[in-house]
Every structure is written in C-alpha cells, then in structure tokens.
Amino acid sequence: MNILLLGSGGREHALAWKMAQSPACTKLYIAPGNAGTPAYGENVNLSVSDFEGIKAFCIDKQIDLLLPGSEEPLVLGIYDFFGADPALQHIPVIGPSRSGARLEGSKAFAKEFMLRHNIPTAAYREFSEANFEEGLAYIAAHTLPVVLKADGLALGKGVVIAATHEEAIAEYTEMIKSAKFGDASKKVVVEAFLTGIEMSAFALSDGQHYVLLPSAKDYKRIGEGDTGLNTGGMGAISPVPFADTAFMKKVEDRVVRPTVAGLAAEGIVYHGFIFFGLINVEGDPFVIEYNCRMGDPETEVVMPRLQNDLLDLFTAVKHRQLDKVTITEDPRAAATIMLVSGGYPEAYEKGKEITGIPAPTADQIVFHAGSKADGGKTLTNGGRVLAITSLASDLQQALAHSRETADSISFGGKYYRRDIGYEFS
Ligand code: AMP
Ligand code: GLY
C-alpha cells in the first residue's frame, strides 16, 4: 500500500513510525514531514491545504490511502474533495467529511449535536450579533467562573475561562463586536465551568462501528503544576490511571456510542478518528470538546501502546469492518515529555542545533515535532521540538526515563516540564 500522511508534528512522526511497521506498507510519504520522519518514509514538499498539489501527487505516486494528521485539511473538506473527483475516488481518506469535521470546526455545532443525542456536556447558550444583548444578561447572571468559546477554529486560543463577570463581558464583547478571533468569534458559546480531571479518549470509526484506542492525558500549560499559558501540549501519559474499566464503560455508553450512532443517524459521513476531550466530574464523564483527528502529544503515547497493525485498522475502516477488530494494548505505561523552545508559547527563536538524540530502543523513542534537517545537522524549527516517549512497567519509571533523556539532549533555549503525570505519583 502506498500511503500519503499529511502533517509535520510529533503526532505525524508517531503515525509514520507506526504505519512503517506494517507489512502492508509499501511506500510512505509524509507531506511536509520533519527531520525525524525520513527514518520511516519520504518527505514531500507539499502544504496540507494544497489540495490540487496533493491530488497531482496522489495520482503520480499511485497513492492507496490518505491520512490527514491535523484538522486543517479535514475542516477544509479534503474528504469531500477526494470523494468528488473521479481520479481520486478510489483512495480512502481516513477522516470525517467536511460536515463531520464540524464536531471540531464549530463549537456551536458540537454543542447542538450533543444536546440532540443526549451526550453529557456543560450547560450552555449560544450568542451572536443577533442576540448580543441577551448574552450580556445571560453572562451577568451566570455562576463563576464562566467559560466563553469562540465558535470556530482559533489556533487553540478561542477559549476563555473568566473569573469575574466584568472579564467575561469584556471578552464576550471583544469576540462578537471586535471580531477578536475573526469570523471564528462571530458566534460565541457561553458555558458552565466543570470541575474535574481531564483526559482524552480516542475512537476510530468506520461510520457504523468503532474501536476505542488507548486512553491518554495531556498537559497543556507551559508551567509546572499546570500554571501559565496554554500550549499545544507539554507532555502526555497513557493509560490514564482513573480511566478504569468502569469509567471507560460510562464513556462508551454515554459518549462514544451515541456520537457514532448520532453521526450515522444524521447522515454525516465520518470514517476516521474521533478525539473526545473529557472531564471526569465525580466519576462521570462530560465532553469538553471534540476533535476530528488524533491528539498531539497524545498520539506519541497512544501509538506506542497500540499493538494492532494500524494499516489493518485503516483497511477495516475502508471495508466498514471495524466490528471484526479487537484492539490490544501494550500493558506497559507510556509517558512523553515535550522539549520546547525557550519563550514558547510566546515568541521564540528557531534554527538552534539539536544534539544528543538517542536512537530508538524497545522502550524509548524520540519523536520529532518541530525540527528540520540542515545538511548533516538537525535544527529546531518550532515551539514544540521533540517528544520523548518511554514505556515501562509503571508510569513513574517511564517518566523518569524520559526525563533522563530530556536532560541529555541539547539545544539552545531548551525547556521542559519535569512534572508531567504529577497527579498520579
Ligand atoms: P477546548 O478548546 O474546548 O478544549 O478548551 C480548552 C481548555 O479549556 C480545555 O482543555 C479545558 O481545560 C478548559 N475548558 C473548556 N471548557 C471547559 C468547561 N466547561 N469547564 C472547565 N474547563 C473547561
Ligand atoms: N493535545 C490536544 C490536542 O491535540 O488538541
């Protein structure tokens, strides 16, 4: 099978690493990839939103499967683009249709969908220019803190948790009246704040059936103890200690199955990963958000613990036969620690030479996230630079092993969180 994977982050490196292990993998291309991905395939200089370029490449290289790693091409409708083109129709795209990608692309759509299908989520109302004044009154009477969410994609910055009514009203006004996040904040979801520990669950759906992948928890804040600015993710662990069989049964019964069935009942085509951002409120799962792709850095712990052949899973998606698949998980714990550039998630420098990356072993692999090759050197090329994933019989050992390697890798301005997994120590 010839495969084209779209993206350039740690998630894509982990997906490339996993797919390359499959006997069914003939040739793997990664567009655009990073300095780590050529170990498992060939990097291609194409942007993930250049659909015409992707089309020409798929025809030229006789691609048999397209895997978009990030939400961008999915929200832009790459699934539909392939389905509508006679030259591309035979190529399965692992992901939702543009309509299905609204689960991530529109918070308002996701909330309405959950309401229609009785999926537990925070109580909310939706506001826009049309009912702006009503929103002011709603916020003024809301319990604190109150959560405001720009409807559309806002580079992960569209969620504000306001501690006072004044702050909430100022944010709300800026979002709608001053288009703080452009078109993304023309509509705003105002919702109740939920208290609990967050985690991520992942399903792969063929439209009728689904399989659940290993659970994970990511750490979004830049600072230790979950302080400071939000980032793309500073580390992750899998499995999640509190996500035991009983909790995951609630997740399947109340969230995953109703989501897959709801999409099918509404005629929304979805043949790909569904990421459930969950919060555990006193033992009950609530949905904080959906994403229409795998998580990053969660993929860097989920893929190493998934024992199934990933291409077998994608083939089952293509034939709508996921009901015939049983997922097996590595019983070991996995932890990943992200090395980031100094200054991230605010301004940071790129182009620093990276040294000391160890070769993969049976219990550790360093995934590249923001790196690029320059002659014989490897340079930093993003805020998140490397994800160091370790596997061990318990979480603390996996974390210790990743920290050890985090210390032995060097680049100018390197920073990482030493407390990933702190709640479970
Ligand atoms: P989102 O972009 O929807 O994932 O929101 C970003 C982050 O804001 C989440 O990961 C949560 O930490 C937090 N958050 C969002 N909605 C809520 C909520 N209703 N209650 C508590 N925290 C929330
Ligand atoms: N780690 C969160 C995300 O991928 O959106």
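The rules we used
Residues numbered from 1 in each chain as written. Chains lettered and ligands numbered in written order. Predicted model: local features only at pLDDT ≥ 70, side-chain atom pairs only at ≥ 80, totals over all residues. Heavy atoms only, no water. Helix = DSSP H or I, 4+ residues; strand = E, 2+ residues; numbered from the N terminus. Rg over C-alpha atoms; globule rule 2.2 N^0.38 Å. Buried < 20%, exposed > 50% of the residue type's maximum accessible area, 1.4 Å probe, protein only. Contact = heavy atoms within 4.5 Å. Lys, Arg positive; Asp, Glu negative; His and termini not counted. Charge placed at Lys NZ, Arg CZ, Asp CG, Glu CD. Pairing = 2+ DSSP bridges. Phe/Tyr/Trp six-rings, centres within 6.5 Å; stacked < 30°, edge-to-face > 60°. Core = buried A, V, L, I, M, F, W, Y, C linked by side-chain atoms within 4.5 Å. Near = heavy atom within 4 Å. Polar contact = N/O pair within 3.5 Å; in protein donor to acceptor, adjacent residues only side chain to side chain. Areas by Shrake-Rupley, 256 points an atom, 1.4 Å probe, with all protein chains shown as cover. Axes fitted to C-alpha atoms, helices over the stretch in contact; angles between N-to-C directions. Nonpolar A, V, L, I, M, F, W, Y, C, P; charged D, E, K, R; others polar.

Undergrad: So what's going on with the overall build of the protein? Residues and values would help.
TA: Helices and strands together make up the secondary structure of the protein, namely 12 helices and 23 strands. A globule of 425 residues ought to have a C-alpha radius of gyration of about 22 Å, and the protein, at 21 Å, matches this closely. If one aligns the C-alpha atoms of the protein with their principal axes, the spans along those axes are about 60 × 50 × 45 Å. Counting all 425 residues of the protein, 56% fall into the buried class. For the protein, the proportion of contacts with a sequence separation of at least 24, taken over those separated by at least 6, is 69%. One finds the centroid of the 39 positive side-chain charges in the protein at a distance of 1 Å from the centroid of its 53 negative side-chain charges.

Undergrad: Outline the pairing of strand β18 (residues 284-291), supporting the account with residue identities and numerical values.
TA: Note: strand β17 (residues 273-281) against β18, 7 bridges, orientation antiparallel. Paired with L278 across the two strands is V287, which belongs to β18. Between β17 and the antiparallel strand that follows it, β18, lie 2 residues; E282 among them carries a positive phi value of about 45°.

Undergrad: Please provide a residue-by-residue account of the packing of aromatic side chains, values included.
TA: The relative placement of two aromatic rings is captured by the distance of their centres and the angle of their planes. Scanning the entire structure with this criterion turns up 16 aromatic pairs. Between the aromatic rings of Y29 and F57, the centroid separation amounts to 4.9 Å while the plane-to-plane angle is 85°, which identifies the pairing as edge-to-face. Remark: F57 occurs in helix α2 (residues 51-60) and Y29 occurs in strand β2 (residues 27-32); sequence separation between them is 28 residues. Between F242 and F424 the ring centres are 6.4 Å apart and the planes differ by 45°, which places this aromatic pair in the tilted class. In this pair, F242 is assigned in the loop between β15 (235-238) and α9 (245-265) and F424 in the segment after α12 (395-408), connecting sequence segments 182 residues apart. Aromatic ring contacts, followed pair by pair, group F109, F113, F276 and Y290 into a single cluster.

Undergrad: I'd love a proper account of the nonpolar core, names of residues and values included.
TA: Membership of the largest hydrophobic core comes to 65 residues, with the highest contact counts inside it found for M19, L204, L213, F273, L310 and F314. For this core, the element with the most residues is strand β19 (residues 333-340), which contributes 7 residues. Once residues lying within four places of it in the same chain are set aside, the contact partners of L310 are L15, K18, M19, F273 and M303. Grouped together as the second largest cluster of nonpolar side chains are 50 residues, L46, L88, I91 and V287 included.

Undergrad: Quick one: what's the story with the site of ligand 1, residue by residue and with numbers?
TA: Near ligand 1, the surroundings consist of 14 residues, among which E191, A192, L194, E198 and E289 are the closest. In this structure, E191 approaches ligand 1 through a side-chain N or O atom, which is 2.7 Å from a nitrogen atom. A distance of 3.2 Å is found between an oxygen atom of ligand 1 and a side-chain nitrogen or oxygen belonging to K220. When isolated, ligand 1 has an accessible area of 470 Å², and the protein chains bury 87% of it. Elements represented by at least two residues in the shell around ligand 1 include exactly β7 (146-150), β8 (159-162), β9 (188-192) and β18.

Undergrad: Which residues make up the sheet that holds β7, and what are the values?
TA: On the basis of which strands lie adjacent, the open sheet formed by 4 strands has the order β6-β9-β7-β8 and antiparallel pairing. Of all strands in the sheet, those with a lone pairing partner are β6 (124-127) and β8, marking the two edges. Along the sheet, successive strands turn relative to each other by an average axial angle of 20°, direction set aside. Pairing analysis gives 4 bridges linking β6 to β9, with the strands arranged antiparallel.

Undergrad: Just give me the short version of the site of ligand 2, but keep the residues and values in it.
TA: In the neighbourhood of ligand 2, the contacting residues comprise D218, G232, F275, N291, R293, G295, D296, P297 and E298. Within the contact set of ligand 2, an oxygen atom lies 2.8 Å away from a side-chain nitrogen or oxygen of R293. One of the side-chain N or O atoms of E298 is found 2.8 Å from a nitrogen atom in ligand 2. The fraction of the free accessible surface of ligand 2 (200 Å²) that becomes covered by protein chains is 88%. For the shell around ligand 2, the per-class residue count stands at 2 nonpolar, 3 polar and 4 charged.

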